[in-house]
Amino acid sequence: MTGLVLHNTLSRKKEPFTPIDAENIRMYVCGPTVYDYAHIGNARPVVVFDMLYRLLRHLFGADHVTYARNITDIDDKIMARAAVEGVSIEEISNQFADIYAADMAALNTLTPDHVPRATEHLPEMIAMMESLIARGHAYVAEGHVLFHVPSMDDYGKLSKRSRDDLIAGARVEVAPYKKDPADFVMWKPSADDQPGWDSPWGRGRPGWHLECSCMTEKLFGATFDIHGGGLDLIFPHHENEIAQSQCAHGKPFVRYWMHNGYLTMTGEKMSKSLGNIETVNALLQDYPGEALRLILLSAQYRQPLDFSRDLISEQKRRLDRWYRIAGDVEPGEAPETVIKALMDDLNTPKALAELEKLAKPETAAELKAGAQFMGLLQSTLDEWFRGEETCLDVEVMIAERNVAKKNRDFAAADRIRDDLKAQGVLLEDGPDGTTWRRAD
């Protein structure tokens with residue numbers, strides 16, 4: 001027993017964490033579908049489970065923890081974008097997988113031990129479907145392979161939904177070939193102009209839920225310790241993963257299910273469909289990654305977090321203060337008060353409050369050690385404040401340009417604008433004055 005307590009979505013309560021094998025702790029987190037830039041809401045589970053990964057490595061040893069986060073590189077959204085741009089799905093998925101990796105690294109997240117891709121696991125997917133068909137849990141209809149939900153007695157145990165709720169709330173396709181309305185697709189046929197792979201049921205492609213079941217099986221076996229993701233994945237994605245994996249192997253699938261809460265903007269869930277998003281890539285043009293990380297750690301991970309640029313500025317000022325205090329001192333051991341807070345279901349607000357108590361010159365080394373344990377204060381003092389000088393220079397040049405415009409010296413004003421543009425800074429004149437942003 002380590003004293004680590006985690007909230008298990010399956011039981012809806014906090015439970016002491018007891019690994020299946022303390023020498024081989026396995027954690028899987030659902031990663032991105034790579035067809036566009038990730039928004040800051042997509043980054044929340046990355047930062048949350050990065051914090052858990054760091055804590056598990058501290059408790060059990062880095063060599064005894066394995067963390068996997070997948071890439072979904074075959075999906076209808078990827079296909080649609082590839083068709084619009086006239087390129088292959090590989091080109092789209094590789095482009096945005098690389099951007100995603102760079103953006104998440106800028107948030108000081110550690111690289112997972114495994115980053116499996118769906119398209120690399122087609123043999124495992126076919127094998128699992130064959131097993132489910134043989135066991136009576138799946139069937140073939142019109143080139144599709146579907147999981148038959150009524151074949152599993154405790155389907156819905158993760159989301160705690162009744163059968164009527166499952167059907168009413170399911171994002172399922174109504175189709176005449178289904179035996180039951182709740183049955184979900186594991187394999188679907190591809191048209192001649194769509195990407196596809198050969199299978200015993202014809203040329204086609206896998207469903208989203210099947211991918212994660214097969215990737216975890218290959219990496220971790222039938223049963224593993226922790227599966228994480230956003231709250232929106234509980235149903236249908238994680239519910240369907242349980243159904244596939246448990247029915248294929250006849251064993252429990254995951255011991256601890258963990259889900260982070262939504263990121264909101266002005267109270268509404270952030271999502272591409274609503275258009276109320278801020279991409280990580282764009283935010284990183286204006287703010288350091290550590291400020292974004294600190295925002296995502298500022299609320300308890302299961303609670304909603306309302307995001308705004310004002311909040312980034314607030315957390316940036318906090319980091320400025322900590323950097324001035326900690327400077328380039330040598331960090332000691334991470335303070336026990338910080339570790340203890342994180343042991344209580346990743347209570348990051350409590351851990352940050354403990355860091356604030358240490359934010360004074362006489363405990364600067366402890367502040368730095370605790371902050372670095374949480375993925376903060378990773379830069380030197382010079383590196384951190386170097387950008388501030390750039391910002392000051394830009395503001396000075398904007399002021400000089402305003403004076404030139406007032407004096408009707410438009411040639412000088414244009415020259416300043418062009419000089420800034422050459423440095424990657426774009427000016428935008430509006431009724432409230434001139435603002436600036438970094439070029440994409």
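Predicted model, so just to flag it, every value in this text is computed and none were measured.

Q: Please explain unusual backbone geometry as it appears in this structure.
A: Generally, phi is negative for residues other than glycine and the peptide bonds are trans, each holding for most cases. Following Phe235, the chain continues to Pro236 via a peptide bond in cis, the omega torsion being 5°. With phi around 50°, Glu142 is a residue other than glycine that occupies positive phi space. In this fold, Glu142 is placed in the loop between β5 (138-141) and β6 (144-147). In this structure Glu142 comes out as exposed when scored by relative accessible area, which is 60%.

Q: Sorry, what's going on with the pairing of strand β9 (residues 224-230) here?
A: It is a general feature of regular strands that their side chains alternate between the two faces of the sheet. Most of β9 is tucked away, with 7 of its 7 residues classed as buried. For strand β3 (residues 25-29) and β9, the ladder comprises 3 bridges, and the chain directions are parallel. Looking across to β9, one finds that Val29 is bridged to Gly228. Relative to strand β10 (residues 254-260), β9 runs parallel, the two sharing 6 bridges. Counterpart to Gly228 in the pairing with β10 is Met258. At this point the chain moves from β9, through helix α7 (residues 234-249), to the parallel β10, and the crossover so formed is right-handed.

Q: Explain the packing of aromatic side chains to me, please; I cannot follow it from the model alone.
A: Ring pairs (aromatic) are described by centroid distance and by the angle formed between their planes. Scanning the entire structure with this criterion turns up 10 aromatic pairs. Geometrically, the ring pair formed by Phe147 and Phe184 is stacked, given 5.2 Å between the ring centres and 15° between the ring planes. Of this pair, Phe147 sits in strand β6 while Phe184 is found in strand β7 (residues 184-189), placing the two residues 37 residues apart along the sequence. Since its relative accessible area comes to 0%, Phe147 is described here as buried. On the basis of relative accessible area, Phe184 is assigned to the buried category, the value being 4%. When the ring of Tyr323 is compared with that of Trp384, the centres are 4.5 Å apart and the planes differ by 15°; the resulting orientation is stacked. Placement of Tyr323 in helix α10 (residues 309-326) and of Trp384 in helix α14 (residues 381-406) is noted, with a sequence separation of 61 residues between them. In this pair, the class of Tyr323 matches that of Trp384, namely buried. An aromatic cluster is defined as three or more aromatic residues linked by ring pairs; in this entry it consists of Phe220, Phe224, Phe253 and Trp257. When the ring centre of Tyr53 is taken as origin, the NZ or CZ atom of Arg57, which lies over that ring, is 5.0 Å away. Its guanidinium or amino end placed over the ring of Tyr139, Lys179 lies 4.5 Å from that ring's centre, counting from NZ or CZ.

Q: Mind showing me how you'd approach the sheet that holds strand β13 (residues 305-306) here?
A: In any sheet, the strands associate via hydrogen bonds between backbone groups, in a parallel or an antiparallel arrangement. Across the sheet, 3 strands lie side by side as β12-β11-β13; this open sheet has mixed pairing. Of all the strands in the sheet, just β12 (268-269) and β13 have a single pairing partner and so form its edges. In this structure, strand β11 (residues 263-265) lies alongside β12, joined through 2 bridges in antiparallel fashion. Bridging across to β12, Met265 finds its partner in Glu268.

Q: Teacher, can you tell me more about the environment of Lys218 here?
A: Mapping Lys218 onto the fold places it in helix α6 (residues 208-220). Considering only alpha carbons, one finds Lys218 and Glu124, 94 residues apart in sequence, at a separation of 7.6 Å. Dropping the residues within four chain positions of it, Lys218 is found in contact with His121 and Glu124. Side-chain polar atoms of Lys218 contact the side chain of Glu124, separated by 3.2 Å.

Q: When you look at the side chain of His227 in this model, what are you seeing that I'm missing?
A: Here His227 is to be found in strand β9. One polar contact links His227 to Glu241, side chain to side chain, over a distance of 2.9 Å.

Q: Before we go on, may I ask you to explain the environment of Lys406 in this structure?
A: On the secondary structure map, Lys406 appears in helix α14. Relative accessible area serves as the criterion here: at 73%, Lys406 is assigned to the exposed category. The spatial distance from the C-alpha of Lys406 to the C-alpha of Pro19 is 69 Å, given a sequence separation of 387 residues.

Q: Please explain the nonpolar core as it appears in this structure.
A: Nonpolar side chains tend to gather and get buried jointly when the protein is soluble and globular. Counting 69 residues, the largest nonpolar core has Ile40, Leu56 and Met374 as its most contacted members. A per-element tally of this core places helix α1 (residues 40-60) first, with 12 residues. Listed in part, the 50 residues of the second largest apolar core include Ile99, Met125, Phe220 and Ala243.

Q: Would you mind showing me how to read the pairing of strand β4 (residues 65-69) here?
A: In terms of burial, β4 is a largely internal element, 5 of the 5 residues being buried. Of the two faces of β4, the one holding Val65, Tyr67 and Arg69 and the one holding Thr66 and Ala68 are both buried throughout. Looking at chain direction, β3 and β4 are connected through 5 bridges and run parallel. Considered in β4, the bridge of Val29 is made with Arg69. Tracing the backbone out of β3, into α1 and back to the parallel element β4 gives a crossover that is right-handed.

Definitions and cut-offs
Residues numbered from 1 in each chain as written. Predicted model: local features only at pLDDT ≥ 70, side-chain atom pairs only at ≥ 80, totals over all residues. Heavy atoms only, no water. Helix = DSSP H or I, 4+ residues; strand = E, 2+ residues; numbered from the N terminus. Buried < 20%, exposed > 50% of the residue type's maximum accessible area, 1.4 Å probe, protein only. Pairing = 2+ DSSP bridges. Right-handed = clockwise from strand over helix to strand, strands pointing away. Phe/Tyr/Trp six-rings, centres within 6.5 Å; stacked < 30°, edge-to-face > 60°. Lys NZ or Arg CZ within 6 Å of the ring centre and 35° of its normal. Contact = heavy atoms within 4.5 Å. Polar contact = N/O pair within 3.5 Å; in protein donor to acceptor, adjacent residues only side chain to side chain. Core = buried A, V, L, I, M, F, W, Y, C linked by side-chain atoms within 4.5 Å.

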